[in-house]
Structure formats: C-alpha cells, structure tokens
Amino acid sequence: MPVVSLTDVTIRFSGPPVLESVSLHIEKGERVCVLGRNGSGKSTLLKAINGDHGLNSGSVSFPNGGFAATLQQDIPSDTAGAVFDVIASGFGETGSMLRSVREGESVDSLDTELQWKMEQRIADELELDLQSEFESLSGGMKRRVLLGKAIVGEPAILALDEPTNHMDIESIQWLEEFLKKGDMALIFVTHDRSFIRALSTRIVEVDLAALRSFNCDYDTYLIRKAELLEAEARNQSAFDKKLSKEEAWLRQGIKARRTRNEGRVRALKQLRAERADRRTRQGKASLNLSNAEQSGRKVISAEGVNVRLGDFEALKPFSLEIMRGDRIGIVGPNGSGKSTLIKVLLGQIAPFSGTIEHGTKLEIAYFDQLREQLDDETTLFENIGDGNESLSINGRSRHVISYLQDFLFTPEQARASIKTLSGGERNRLLLAKLFTKPANLIVLDEPTNDLDMETLELLEERVTEFPGTLILVSHDRAFLENTVTNLVIIQKGGIAREFNGGYDDWLNESKPLDSGRSPKKKSTRSNWKIRPRKFTKSEQAELDSIPSEIERIDARKAEIADKLASPQTYKENPGYAESAKVELANLENESERIFARWEELETLKESL
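Since this is a predicted model, take the numbers as computed values, not measurements.

Cut-offs applied
- Residues numbered from 1 in each chain as written.
- Predicted model: local features only at pLDDT ≥ 70, side-chain atom pairs only at ≥ 80, totals over all residues.
- Heavy atoms only, no water.
- Pairing = 2+ DSSP bridges.
- Helix = DSSP H or I, 4+ residues; strand = E, 2+ residues; numbered from the N terminus.
- Axes fitted to C-alpha atoms, helices over the stretch in contact; angles between N-to-C directions.
- Contact = heavy atoms within 4.5 Å.
- Phe/Tyr/Trp six-rings, centres within 6.5 Å; stacked < 30°, edge-to-face > 60°.
- Lys NZ or Arg CZ within 6 Å of the ring centre and 35° of its normal.
- Core = buried A, V, L, I, M, F, W, Y, C linked by side-chain atoms within 4.5 Å.
- Buried < 20%, exposed > 50% of the residue type's maximum accessible area, 1.4 Å probe, protein only.

**Some words on the sheet that holds strand E9 (residues 210-214)**
- One open sheet holds the six strands; their spatial order is E5-E6-E7-E3-E8-E9, and the pairing between them is mixed. The sheet is open, and its two borders are formed by strand E5 (68-71) and E9, each paired with just one other strand. Here the average twist between neighbouring strands, direction ignored, is 20 degrees.
- Of the strand pairs in this sheet, strand E3 (residues 31-35) and strand E8 (residues 202-207) are connected by four bridges, and their pairing is parallel. Within E8, the residue paired with Val34 across the bridge is Val204.
- Docked against the sheet, helix H5 (residues 139-151) engages E5 and strand E6 (157-161), running at close to 175 degrees with respect to E5.

**Observations concerning the packing of aromatic side chains**
- Tallied over the entire structure, the rule returns eight aromatic pairs.
- With a centroid separation of 6.4 Å and 45 degrees between ring planes, the pair formed by Phe407 and Phe435 is classed as tilted. Here Phe435 lies in the loop between helix H14 (423-434) and strand E17 (441-445) and Phe407 lies in the loop between helix H12 (400-406) and helix H13 (411-414), a separation of 28 residues in the sequence.
- Three or more aromatic residues link up through ring pairs in this structure, and these residues are Phe214, Tyr218 and Tyr221.
- Here the basic side chain of Arg144 rests over the ring of Trp174, its NZ or CZ set 3.9 Å away from the ring centre.

**Considering the environment of Trp506**
- Mapped onto the fold, Trp506 is located in helix H17 (residues 503-509).
- The spacing of Trp506 and Ile489 is 17 residues in sequence and 9.3 Å in space, taken between C-alpha atoms.

**Topic: the nonpolar core**
- If you look at the biggest cluster of nonpolar residues, it comprises 43 residues, and the most contacted ones within it are Ile384, Tyr403, Leu404, Leu429, Leu431 and Leu444.
- Of the residues forming this core, the biggest block, five residues, is contributed by H14.
- Among the nonpolar cores identified, the runner-up in size contains 41 residues, and Ile151, Leu158, Ile172 and Phe178 belong to it.

**What about the sheet that holds strand E1 (residues 4-11)?**
- The sheet built from three strands is open, its strands ordered E2-E1-E4 with antiparallel pairing. Both edges of this open sheet fall to strand E2 (19-26) and strand E4 (57-61), since each of them pairs with a single strand only. With direction set aside, neighbouring strand axes in the sheet form an average angle of 15 degrees.
- Strand direction decides the pairing type here: E1 and E4, joined by four bridges, are antiparallel. Within E4, the position partnered with Thr7 by the bridge is Ser59.

Okay, structure coming up:
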C-alpha cells in the first residue's frame, strides 16, 4: 500500500493547468526524483503533497495515515534559538512541552520516548550538539538541524526541493549517505546529477502538465526519454502531414456537403481541434560563447599570496600559475575562501602580501554567484543592452530582444523588471550578459544553481567546447568532472593545494575535504599541468553504439538473404544477385571494421 497517493490532481493558477489530472503513488522506501524544465510544475507537485497548495480537483491521501514534511531549500531568516528548540518545533505542540522539560518544568503528559528521540537518536544520527545556538552554525550544519526538524515527527514522506543548492560537496555527500540509510519515502527535486545517481530509485518527469514515471536509474531514464521524444516527433510529423493533406483536399473545392464527404470534413475538424490543443514545450536555450583573440601563454601568476580580510586570515600563503588553456576547478567547504581566491586572482581584492600578475591580451568574463552584475531596478532589455537596441555577438549584430529569446526570455519578459525573475531565470540572464562579451578567460562562480537540467547540460557542453582558459567554482560534482582537468582544493583554515586531475581522481586519492590531509603533491609544477589520459565521453558513446550498429548490419544481411532465396526477386530484378553480392561484401568489410574498433575501445577502457 502506498504511503501517499495523488489521484486525478489538477492545479491551475491562471491560464493552462500546471498539473492536469495527474496521479502518483509512492511506496515506503522509494526515493523519487522529480525532473522537468524550470516552471514545469515540479515544486508545485511537492507543495501539493505537503498541503501547501490547494487542489482545483482530485485528492492527496495518506492510506496508512501520517503526513508529509519538507526540507526547505532556503534557511528561514527568523530561525533562532538552541538546536534542541529548533528541532523540537517539528513536534508542534509537543515541541513546546519538550522545551519546558529542558527548562526544568514538569510535564506529566510528555511521552518519554519523544525525549529519547530528541536527546539520543536525532542528536546521534545528525551528529548535532543540541545545546548549540542555531545562529552560530555553518550553513551545512543549519541544514542538518532543519532536516532534524523535518524528520523528528516521523513523516510518511519527506519532500526536498533542490536540497543541494548552496551546499558544499562535503555536506551534499553527508546528506546522500544519511538519506540512503533509512526506509523513509522521499520525493525530491534537484539538478545535481551525481545526487540523482546516488539516491533515486525512480524518476518522475513533469512534462506538459502531465506526469510520466520511469522505474529505473537516471542513466536508463535518459535513454528511455530520448527514445520517447524520438517516437513523439515521428508521430507529430505524421499527424501534421495528414492534417496538411486534408487541408489541401478541402482547398481543392470539392463539395463538402456531399454525403460521401461529410465524414471526411468532420474528421478534418477533429484534426484541427487536436492540433490546436497540442501543448508545445519551451525550446532549449541557445548558449553561444563569444571567443576573444587568444591570450598570452601565461594567464595569471600568483606568488606567495596571502589574503587577510581585516584581522581574519582568509587564505594562507600560496602560489599558483595558470597557463592558457588550463581548466581549473576550485573546491572546498562553504566559507573556506573559494570566492575570495577568485577575486584575488582577478585583482578585485588586493593581497596582504605576495604578487598577482596577469598575462597579455586577457579578456575576462566573470559569472558572479551573488549576481551583483544584475541591477534589480532595470529591465532585462536595459541590463543586457546597456541602453542600446542591438548587440554585436561574434561580429554579428543582434537585436537585444532576439538575443534574449535565445535564452528563453519572451519579449514581454524582456521589458519587465529583473526583480520579477526566479532564481533560475536570473542565472540564465547572467549567462546571457556574460556571453555578450568576447572572452579568452571564463570565470564561473557557482553557475549551476537553479538551472534546469537541459540548460545546465547545454552550459556544460559550451564550456567544454570553449577554447580558452576556465576557472570554475562549483559544488556540482558531475559538472566539475566533465569540464575541468585540474583542481585547487581549499581546506579549512584557508590552505590552498593544487591537484593534477579531475574531481573523481581527487576522490580516489584523498580523504574527505575537511580531513586536513593534503593531496599527494606532484614532483614539479609542470607535471601538475598534464592530466593522465582518460576514456572520453565521446569514446564511451561510440562504444555504447556499436551493438546497435552490428544489429543493423546483421538485419540488412538477413534481408538480402531472404530476397536472394525468393524466385520472385529474379523475375522482378534479374540483376539483383550481382548488386547484392557487392552490398554483402561491403557489409562484411564494415562489420570487420566495427568489431576491430570494438576490441580497440574495450582494450583502451580497461587500460585506463
């Protein structure tokens, strides 16, 4: 029996429904990841489950009793007091009694088991000091307290909306392991592909106001989704061709009132109605980087740099040399100094000691995680165009409205104030502003927050193709692994260390980021610049495609053999045997080449 059931739920605000007659049943122990484009209704679905959104129709029920709890994405600004008190508030009125007991008052009706849950189980599982003040904790520890508040009442299902946003990698990994331990049902929205792969047992996609469930892991979902989109495109193409054909028939002037044609006219009207009702998806953003002239060989050189912010030593002395074409990821706990390091390297903060030198012909595009480059009092049009009607993008003049449409902003939105945008839309706008200027050094500070999956993957693709130099701060492990070749790890205490390799390489060679252990140091700086050969994504894609290629060749061989075995073939085409012989020889050569490539790729993959 499911722990929560949504039956024929419809929710609309204005215009078309956000969710229309959707049903969803979640069993105990399931960990359901909800995917979909920004604005598709993912958060609305979670709010419907926890009761924050009223329903226009349908029902949400808990067959075994219980309720839904939510781990909030943002830390409420009004949360204060001891950790004990914050978590106890998750019990509602019972939480007030718990606080009274803690303050020495006698409460006869209090279940002693609840005290145990608070004082032992929650404290031990979440590794929290119940006496600490909430306001004194780091962001990651505050999220643990809020998690304790959400689960202490033992909800039937826990809803998490973008739980990894603004969390450092260490905190994300802890959250993954914690959520995998229990058998509580989970439903969560996230763009973090590593988090999805580690946690989800089912994928539910919100698309065109409907829900589609995939009982599989994330990578299998991607394959099935691609197949569904391909089939949908074929069906729509066939439908449109049929509609076009019937419209052409009607325009020929045939007397539709004739009895034998009335049915065809009615069918055409039905086709028109179906086409009018067809929901269309929002297109994909078009992210195109403007490449500047190549920079000098040396991009940024830091020697003996020490950073102090007042009396606080933000970064201990470090040296770093960034060369043209380097792709550097910066990782470390929240508050360790990642953004500070970027600002020092860019010259926005002066070092307390040491020197920073920039190379020649440097053109920098800087994505600021605080979005300080966006003026909330201006419109999108004003912010992107700086008062001009057009922009020059890669030497071509573009109207500002047209350029913003590449980033999925409508003409109406272009004239609206920036303050009306959601977090994901603000990130897309900042990317649009970033890409208007030619650059040979791109600096991205947490660019993936709030982006939907498709835009994130497109950004990843463009960054990977960028021929210049990249400096990236991100908590998105998949994004890091797919885009950078070297790391700078900042440990607690402001200690910066270099590492030759990607994020997965670092994990394989190191303890958690706060362990205090430095990664293995390479013998020379030049060795740090050379990343070991890895099996690339394109090679993996080629390897994955080989079985289907072999099936295609075998199917064609079988088709030719059937034709050769049929006497009818020779009556209709006496010369077919000769042409078939040539085609079979070509197929055999192609088959041998594919098998040889298969063996080559398998050997390469095993050796790396």
